[in-house]
Every structure is written in C-alpha cells, then in structure tokens.
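# Descriptive analysis of the structure
One letter stands for each residue in the lines below.
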Amino acid sequence: MELLLVRHAIAEPAAAGQADAERPLSARGRERFEACVRGLSALELDLDRVLHSPLLRAVQTADLLADLLRGESVVTPTLAAPPGSQLLALLQSLDEDERVALVGHEPWMSATCALLLTGSRACESFPFKKGGVAWLEGRPTPGGARLRGFFPPGALAQIGV
Amino acid sequence: METTLRAPSGGIALDRWLDHLEEHLPIARQGDDPEGVHQVRAAAARLDVWLRLGGYCVLRPDLRWLRKGAGAVRDIDVLLARGVSPELEAMLRERLAGARPAMLACFSHPRTAGLLFALRCLPPLDREPARRALRGWTRRAQRRGRRVDFRAGALEELHGLRRHVRRLRFAREWLELPARKIKRAHDELGALNDLAVLLELSRACSSPITNGDALAIGAPAELVERSALQRVEALRAWSRCQREISAGA
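Residue numbers restart at each chain and count upward from 1, following the sequence in its written direction. For this description, chains carry letters from A and ligands carry numbers from 1, given in the order in which they are written. Reporting in this predicted model follows two pLDDT cut-offs: at least 70 for local features of residues, and 80 or more for side-chain atom pairs to be given and counted; totals over whole chains, interfaces and linings ignore these cut-offs and use all residues.

## Quick notes on the pairing of strand β4 (residues 99-104) of chain A
All names here are of chain A. Remark: C-beta atoms are placed from the backbone, and a residue is labelled buried if 20 or more other C-beta atoms sit within 10 Å of its own, exposed if 12 or fewer do, or partly exposed between those counts. Each helix is a run of H or I in the DSSP string that is no shorter than four residues. Each strand is a run of E no shorter than two, and both are numbered from the N terminus. Of all the 6 residues making up β4, 5 are buried; the element is thus mostly covered by neighbouring parts of the structure. Two strands pair if DSSP finds at least two bridges between them. Pairing between strand β1 (residues 2-7) and β4: 6 bridges, direction parallel. Opposite Leu 3, over in β4, you have Val 100 as the bridge partner. The pairing of strand β2 (residues 47-52) with β4 spans 4 bridges and is parallel. Residue pairing for β4: Leu 51 is matched across the bridge by Leu 102.

What follows is the structure, encoded as structure tokens:
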C-alpha cells in the first residue's frame, strides 16, 4: 500500500463567532495547493482513494485532489483526532495495492507519519507544512511503512511547473 | 468538534435538509415507521444535488454510501406498503430482517458521523454558479428525454431519465424555482420503477403462480399491463413539465 499523508492547505483565520471546524481555505491556500496537485500529477501519483477529515479546510483540500482520484473519497472522523487503532483498522481494511491519500491536520499528520514509519508517535522529525505531503509505502501498521518522499508545498509546486 | 450557526446570507444553505436527515435517522433506526428510512434517503438525495450544484466531488460518495445502506430496506418497505400476497410478503419480511442490521450498521458507522459533521461545516452556495449548473443539467435532461421511447424503450432508459428528472427537481427546489410539474414527472417515473421491481420479485417468487394463488397486487401478466399504462402516465407527465423545465433555468 502507498499512503500520501497530506496536511490541509492554508486556511482563513476564524471569523468572529465562527467555529474552528468551519474555517475555509484562503484564496492563497487554494492556489498554492492547486500547484501542489499539479506536482503530484507530474509525479504520476494518482489516487485510488482519498480519506479526509470532516473539518471544512480538510474537505476543501481533499476536493482539490479530485483530479488525481480514480476511486472514491471517504470522510472519517479518525483524521480529526490523534492516530489510533481506528485509523489503522480503517487502513488495514483497504486493498493492499491501493494508493491512498489521507488529508488531515497537525500535529496528527506528523504523529501518523511517525507511527507508521517508526512505531512511535513522537513527531518532531516530521513537521508538515500546510499543503505538505509525505509519501509512504508498506503496511499500515506501527513501523510497517518506509518513507519514499517528503514534500514541502513549495517543492511540489516546483515539480508541477 | 463544534460548529456554529451561520448568519443568513444570499447563498443557498443546506441546513434545512441536513436538519431533516438528522431528524429522521433516529426514526429510521427505530424501525416502526417506514417513513423514517424514506426521509433519510430523500434528504441524502437532495444533499447530493446540493453538493453537485456547488461543484463538490467529496462527500458525495459518502452520501451515496448512506443512501445505498438504506436502499434495500426502502425497496422492501415500498413493496410491502403496496400490499402483496402472503407468500410474497413472507419472502419480503425475511429479506427485511436481513437488510435492517446492515442499515443500522451503516447509520452507526463513524463515516456517517463524519459525513454529518462535514456537511454542517459547509458554507452556503453561491447562486450564480448553481444556476449555471442547472442550465447544463436542463439541456442534458431534455436531450435525454427526446431520446427515450416511453412506450417501448428499455426500462434502463426510463430509469436514466428518472435520475435526470430527480436532479432537475431537487436543483430547482434548492434554487426556489417552480418544480411542481417536474415533481409529477419524477413521481410517475418512480412509480414505473416500483412496478418493475415488483414484477421482477413476483417472477422470482414462483409459489403464487404455481399454486394458483394470485398476488394481491396482481399476477405478473397484470403487472405487465399496469407497467404499460404507467409508461403512458410517465410520458404524459414528462410532456407536461417541458415548459416548467425551460423556465428560469
């Protein structure tokens, strides 16, 4: 299985009275992430599935990945929480030949990356920028994956030019 | 995770049908009133059209999954409500008992909770892009309608047209445009589809035919005749809604 761990793109700050979950992507965040998607496309990283958090900024980021998506998107609250057994069970229920993007939030994307690569949730070594992507391959178990690439959004945008 | 109530704006908010969905999920879970399942599916279909009007690709598969999760129970509820022979009813009740746990598992799944939360976070749609989408759908539905042979065409063709009509109807409802005659066409095409399902089931349930005990709803020959009449009704309703379809799109 290949996993693309994606941190949501840049979002607007919360307006007065607006819940954090309702913060939309900013125009700049949308534009920059579209450039990231072009980079992923240039790398031929099309997707069999996109799992995403239900928070608006993750929903909108996942929607921008639609051009790369051959299969379906799935909303899951497990990506709006620290990585745990539910997320691993969800990933383990998928076909092992799939390439799956997970769109979520910090610090949980870093923790997920660390968990899958090292078996530990210590995440200081994997700081995701907004719109950043980690490309993993292997089994979705603690320590079961290896890192194939770690792309800050600027690098992906350059690849996509 | 918390959401706030948004101030009203000129956009198209989905709250009404999202509220409707959330109100009817417990009724569907309880299982005493078939209307609960029907309303869950009706709300999910409208929310799907809302997402399409907004150009969203995500969340639509989740809504489709939810509708499908309740689909088998709804199909059986529809047939039972029509009144069928004791043999067919026994078969349907057995199927219903098998379908309900799968539906309940779907409703209790974290995916459903995530879907409801995500929908609640979505901002209202801008009207102009939604109207543009409707114009495109209108042209496509009209083209489709011209190709369909109501009297002799395959049921799949009519079922395809029904999907187009349903989308138009719900889109116009979201945009607060007249949709009364389109609703009628949708209903008539739906009734034709229900008859097709019943006919298929009647053929599968051989005992009422072999033992000569006619189905309360009608033996297959009668159902075939009723389907033919229903095709005429569907054609009539489709013809009558043409002016409404073209207006305001």
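## So, the sheet that holds strand β6 (residues 145-151) of chain A
All names here are of chain A. The 6 strands lie next to each other as β3-β2-β4-β1-β5-β6, forming an open sheet whose pairing is mixed. The outermost strands of the open sheet, each flanked by one partner alone, are β3 (69-75) and β6. When strand polarity is set aside, the average angle formed by the axes of neighbouring strands in this sheet is 20 degrees. Only the stretch in contact is used when a helix axis is fitted, and all axes are lines through C-alpha atoms; the angle between N-to-C directions ranges over 0 to 180 degrees.

## Some details on the environment of Ala157(A)
Residues and elements named next belong to chain A. Tracing the sequence through the fold places Ala 157 in helix α5 (residues 153-160). Residue classification places Ala 157 among the buried residues on the basis of 20 C-beta atoms within 10 Å. Each C-alpha atom, one on Ala 157 and one on Val 100, is 20 Å from the other, the two residues being 57 residues apart in sequence. In this structure, Ala 157 is in contact with Arg 32, Ala 35, Cys 36 and Gly 39, ignoring residues within four places of it in sequence. Once C-beta atoms are placed from the backbone, any two residues with those atoms within 7 Å are in contact.

## Notes on the domain arrangement of chain B
Residues and elements named next belong to chain B. Here the limits of each domain have been adopted from an automatic or database domain assignment. With domains assigned, chain B is organised as domain 1 (10-125) and domain 2 (128-244). Relative to domain 2, the C-alpha centre of domain 1 lies at a distance of 20 Å. The interface of domain 1 with domain 2 comprises 19 residues on the first partner and 20 residues on the second. Elements supplying a minimum of two residues to the side of domain 1 that touches domain 2: α2 (34-53), α3 (60-82) and α4 (86-108). With 6 residues, α2 is the largest single contributor of residues to the side of domain 1 that touches domain 2. Its residues assigned to classes, the side of domain 1 that touches domain 2 shows 11 nonpolar, 3 polar and 5 charged. Polarity classes work like this: nonpolar for Ala, Val, Leu, Ile, Met, Phe, Trp, Tyr, Cys and Pro, charged for Asp, Glu, Lys and Arg, and polar for all others, with Gly in that last group.

## With respect to the interface of chain B and chain A
In this assembly, 20 residues from chain B lie in contact with 22 residues from chain A. Secondary structure elements with two or more residues in the side of chain B that touches chain A: α3 and α5 (110-121) of chain B. For the side of chain B that touches chain A, the element with the most residues is α5(B), which contributes 8 residues.

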